[in-house]
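Observations on the three-dimensional arrangement
Below, each chain spelled out in residue letters.
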Amino acid sequence: MLSSLVAKRLVTGMCQAVRRPGVTAVVSSRGYKGDAPDDNKADLIEIPLPPWMEKTDEPVDIKRRRLLYESRKRGMLENCILLSLFAKRYLNTMTASQLRQYDRLINEPSNDWDIYYWATEAQPTPEVYQGEVMEMLKEFTKNKNHEQRLDAPSLEYLEKETQ
């Protein structure tokens, strides 16, 4: 049996769909609908993530491999490309301190768009993530050499480094 709240949402969604001919289905109440002026974001669902914890006992070579993987497998294509190319260029030469900064930067924020906006300087970087690695990423993002960055790098370069 449907609760009255669920029934009300279902009927409201159907009525809205009838009023808007371009909408063919009932709008789901799960997730964020956009930045429309009348959107009060009451339907936004925050999924709690476990807090980031630094892996202090992780060997440096394992950390580099993990960070390479995590740079390539992001929640959005823009960061997949940006961070995987950044990792290809800098990860093998980073110091232990820089690796810790990079690990925190790509793993602690829960929203990949935040990382993208900070790297492109569309939004100010929070003080906790500001540092040497963030400055390297911002400079890399400017693409002063006008490199073509349309896809993440292939992994063939890893085989060359191990030989």
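Below or above, wherever it landed, is the structure these notes cover. (Residues numbered from 1 in each chain as written. Predicted model: local features only at pLDDT ≥ 70, side-chain atom pairs only at ≥ 80, totals over all residues. Heavy atoms only, no water.)

Remark: helix α2 (residues 60-72) packs on helix α3 (residues 77-90), axes separated minimally by 7 Å, with the N-to-C direction vectors making an angle of 150°. By the angle between their directions, the pair α2 and α3 is classed as roughly antiparallel. Across the interface between the two elements, Leu68, Ser71 and Arg72 from α2 touch Asn79, Cys80, Leu83, Ser84 and Ala87 from α3. Considering only residue class, the contact of α2 with α3 consists of 4 nonpolar, 3 polar and 1 charged. (Axes fitted to C-alpha atoms, helices over the stretch in contact; angles between N-to-C directions. Helix = DSSP H or I, 4+ residues; strand = E, 2+ residues; numbered from the N terminus. Parallel < 35°, antiparallel > 145°, perpendicular 65-115°, else oblique. Contact = heavy atoms within 4.5 Å. Nonpolar A, V, L, I, M, F, W, Y, C, P; charged D, E, K, R; others polar.)

Before going further, it helps to spend a moment on the packing of α2 against helix α4 (residues 96-107). Where α2 meets α4, the axes come as close as 11 Å, and the angle between the chain directions of the two elements is 30°. Classified by the angle between their axes, α2 and α4 sit roughly parallel to one another. Relative to α4, α2 is oriented so that their crossing is left-handed. Together, Val60, Lys63, Arg64, Arg66, Leu67, Glu70 and Ser71 of α2 and Leu99, Arg100, Tyr102, Asp103, Ile106 and Asn107 of α4 make up the contact between the two elements. (Left-handed = near helix turned anticlockwise from the far one by under 90°.)

Along helix α6 (residues 132-142), the residues classified as buried are Val133, Met134, Met136, Leu137, Lys138, Phe140 and Thr141. Positioned one or two residues after α6, Asn143 has a phi angle of 50°, which is positive. (Buried < 20%, exposed > 50% of the residue type's maximum accessible area, 1.4 Å probe, protein only.)

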